[in-house]
Amino acid sequence: MTTSAQTELIHKALNAFAIELPSWGFSNTGTRFGKFIQASAATTTEEKLNDAGQVHRFTGCCPSVATHVLWDFPEGLKSTASVIASAEKAGVRLGAINPNVFQDQIYKNGSFGNPDPAARKAALDHILESVEIGKQTGSRDVSLWFADGSSYPGASSIRKRKQWFTECLQATHAKLSPQQRMLVEYKPFEPYFYHTDLGDWGMALIQARHAGPQAKVLVDTGHHYQAQNIEQIVAWLLSENMLGGFHFNDRRYADDDLTLGSIDPYQVFRIFNEVVGFERETGKIADIAYMIDQSHNLKNKTEEMIQTAMTAQELYAKAVLVDHEELNDYQMKGEYIDAEECLKAAFNSDVRPAIREWRKSKGLAEEPLAAFRTSGYSERAERERSKKNMGAVASYA
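Scoring rules and cut-offs
- Residues numbered from 1 in each chain as written.
- Predicted model: local features only at pLDDT ≥ 70, side-chain atom pairs only at ≥ 80, totals over all residues.
- Heavy atoms only, no water.
- Patch = residues over 30% accessible without salt bridge, like charges linked within 9 Å, V, L, I, M, F, W, Y side chains within 5 Å.
- Areas by Shrake-Rupley, 256 points an atom, 1.4 Å probe, with all protein chains shown as cover.
- Salt bridge = Lys/Arg side-chain N within 4 Å of Asp/Glu carboxyl O.
- Lys, Arg positive; Asp, Glu negative; His and termini not counted.
- Charge placed at Lys NZ, Arg CZ, Asp CG, Glu CD.
- Helix = DSSP H or I, 4+ residues; strand = E, 2+ residues; numbered from the N terminus.
- Buried < 20%, exposed > 50% of the residue type's maximum accessible area, 1.4 Å probe, protein only.
- Phe/Tyr/Trp six-rings, centres within 6.5 Å; stacked < 30°, edge-to-face > 60°.
- Contact = heavy atoms within 4.5 Å.

### Looking at a negative patch on the surface
On the surface, D323, E325, E326, E335 and D338 cluster together into a patch of negative charge. Looking at the element boundaries, D338 is found in helix α12 (residues 336-347). According to the relative accessible area criterion, D338 is partly exposed, its value standing at 36%.

### Concerning the packing of aromatic side chains
Going through the model one piece at a time under the given rule, you end up with 22 aromatic pairs. Measuring from ring centre to ring centre gives 5.9 Å for F17 and F272, while their planes differ by 80 degrees; the resulting arrangement is edge-to-face. Here the residue F17 occupies a position in the loop between α1 (4-16) and β1 (21-22), and F272 occupies one in helix α9 (residues 265-282), the gap between them amounting to 255 residues. For F17, a relative accessible area of 4% gives the class buried. With a centroid separation of 4.8 Å and 10 degrees between ring planes, the pair formed by F246 and F248 is classed as stacked. Through a chain of ring-to-ring contacts, the aromatic side chains of F17, F246, F248, F272, Y290 and Y316 assemble into a single cluster.

### As for the side chain of Q38
Structurally, the position occupied by Q38 is in the loop between β1 and α2 (45-59). If sequence neighbours within four positions are ignored, Q38 has contacts with N28, N297, L298, K299, N300, K301, N389 and M390.

Put into structure tokens, the structure is as follows:
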């Protein structure tokens, strides 16, 4: 149990904590080998936003939804009015805009790193349209992930591709409004396996700095080699004022897109601890977009997102309980055991009663997942969507 002072600290932190949902996490997705259809999965952008609205209704911490342009704005800019209206009706707002420069056949050899100028132009045109969509939707962040790379030595000029990326990212930055940011994501491998054009946080950092002051780095927790120290990356990016956001998920092997905290909750806690510690040491609020990027195909979509939001709240609340003055004292004295025990004491704290109190004070269900299950929403969705879903082709989304 937490003390009254700790409970107050948790409540204050939760008042300011929000995590963004991915629209694609509510539809039928899968693996490279296929997907398993769920009768209640969302089949349209409106249904995705409605499902996201349910998550926010029961958790109170998911007010925005990230969208994918090709999947959620089928007519590009012409779709913005209807998508905005659907979001308002669902009780959420539109968050990060995600261009798609990895799906079409023209991107077989890359997008911004493609040797073909026509392919680079197609990618840039799509991303600039995504920037304009973001302006119309009031979305601050344009989230950029590139599948670019090569699978064989000698297949591409790594240095030329780097230069093409710089040029295209600078052209994108030039079209941002003063309120917008571009978040540059990285990934060490997949779908290419010899080299990836933005393979790690250092490459993303360099390209973001070349692009301009409104470009930051986005950290996807699944986009790292095994055993990589993600919280160290977070600490460095925070110190350089270059951490723009997270795509949270969990993994056992690589980019598994498993539920946040399902494999290594202690890692997520340590990441949050670096953010909280930075804010307490500097007196500044870290301007970070917390976003979910998971779309596993076995769990009920909406229930998994509620589970994820609850887990995020719990791990963030635990990080808030770390006594950083005490921790700093142990660190300065080289008292390693005590320093580690200071972290573990916060991690082992049962914050759930304090979070239930917070929910009650906000008029929310104390147990969001249980409340959602009794609402009948999934059953209604299944009845309304089953026929459309069962007729879907069981291939990758």
